Structure formats: C-alpha cells, structure tokens
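# Summary of structural features
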Amino acid sequence: MPRQRIHHRRDVHQLPEDFPERLKRFREESGLPWAEIHRRLDVDPETERRWREKGVLPNTRHYAALLQMADDLGLGHLFRG
C-alpha cells in the first residue's frame, strides 16, 4: 500500500504593493514612535528605514510580527487587502 503524502499548509503573507506607505500610515495611526516599533519588532532602525524609504520588503518573521502588532492595536486592516 503506498504511503499517503501529507501536505503541510504554510500561511503565506502577501505584502501589499504600497507597503512603505502603509507602514508610514500605521505609525501615524498607532501613535507609536519609530523607536517603539523597532523595539517591538526587534529590528534595527536602519532595517525599518530601508522598508520605508528604499522599497526593501521585510522578511516573513518581521512581517508576521508587524501584522500581529497591528492586529493587537486594531490596525490590522492597514496591511490586509
């Protein structure tokens, strides 16, 4: 009897095309200073600056942490849809 294959589903987060603008809007609407966002996401300020100003996209771990933080603050809609 052949072995059954088990397919594991991974949650894939789709980054919005206008991610830098949404990140800026998140900061404004959350009222959090950039330093607090860096601390909560455990990222270097330069890393966040590259996301915001140079079009570099966050890795999956950082994006998932950002989504969780946004959801906790009631701002998850900013990064979805």
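Please refer to the structure higher up on the page.
The structure reproduced in this document is the subject of the present report. The structure presented is a predicted model; accordingly, all values stated were derived computationally and were not measured.

## Things to note about helix 4 (residues 60–72)
With 13 residues, helix 4 extends 18 Å between its outermost C-alpha atoms, agreeing within 8% with the 18 Å of an ideal straight helix rising 1.5 Å per residue. Looking only at helix 4, the buried set comprises His62, Tyr63, Leu66, Leu67, Met69 and Ala70. The buried residues of helix 4 occupy an angular sector of 165° when projected down its axis, which confines them to one face. Opposite the buried face of helix 4, by more than 90 degrees, sit the exposed residues Thr60, Arg61 and Asp72. A side-chain oxygen of the first residue of helix 4 lies 3.2 Å from the backbone nitrogen of arginine 61; this N-cap is asparagine 59. Trailing helix 4 by a residue or two, glycine 74 shows a phi angle of about 75°, which is positive.

## Remarks on the packing of aromatic side chains
Evaluation of the coordinates by the stated rule reveals five aromatic pairs. Measuring from ring centre to ring centre gives 5.9 Å for phenylalanine 19 and tyrosine 63, while their planes differ by 70°; the resulting arrangement is edge-to-face. With phenylalanine 19 in helix 1 (residues 19–30) and tyrosine 63 in helix 4, the pair connects residues that are 44 residues apart, well separated along the chain. For the ring pair tyrosine 63 and phenylalanine 79, a centre distance of 6.4 Å and an interplane angle of 90° mean the geometry is edge-to-face. Pair noted here: tyrosine 63 is in helix 4 and phenylalanine 79 is in the segment after helix 4, with a separation of 16 residues, a long-range link. Each member of the pair tyrosine 63 and phenylalanine 79 is classed as buried. Members of the aromatic cluster, joined through ring pairs, are Phe19, Phe26, Trp51, Tyr63 and Phe79.

## Brief notes about the environment of alanine 35
Counting through the fold element by element, alanine 35 comes out in helix 2 (residues 34–41). Taking the C-alpha atoms as reference points, alanine 35 and proline 45, separated by ten residues in sequence, lie 7.4 Å from one another.

Reading the values: rules and limits
Residues numbered from 1 in each chain as written. Predicted model: local features only at pLDDT ≥ 70, side-chain atom pairs only at ≥ 80, totals over all residues. Heavy atoms only, no water. Helix = DSSP H or I, 4+ residues; strand = E, 2+ residues; numbered from the N terminus. Expected span 1.5 Å × (residues − 1). Buried < 20%, exposed > 50% of the residue type's maximum accessible area, 1.4 Å probe, protein only. Arc of directions from axis to C-beta. Polar contact = N/O pair within 3.5 Å; in protein donor to acceptor, adjacent residues only side chain to side chain. Phe/Tyr/Trp six-rings, centres within 6.5 Å; stacked < 30°, edge-to-face > 60°.

Limitation: the analysis is restricted to geometry and does not speak to function.
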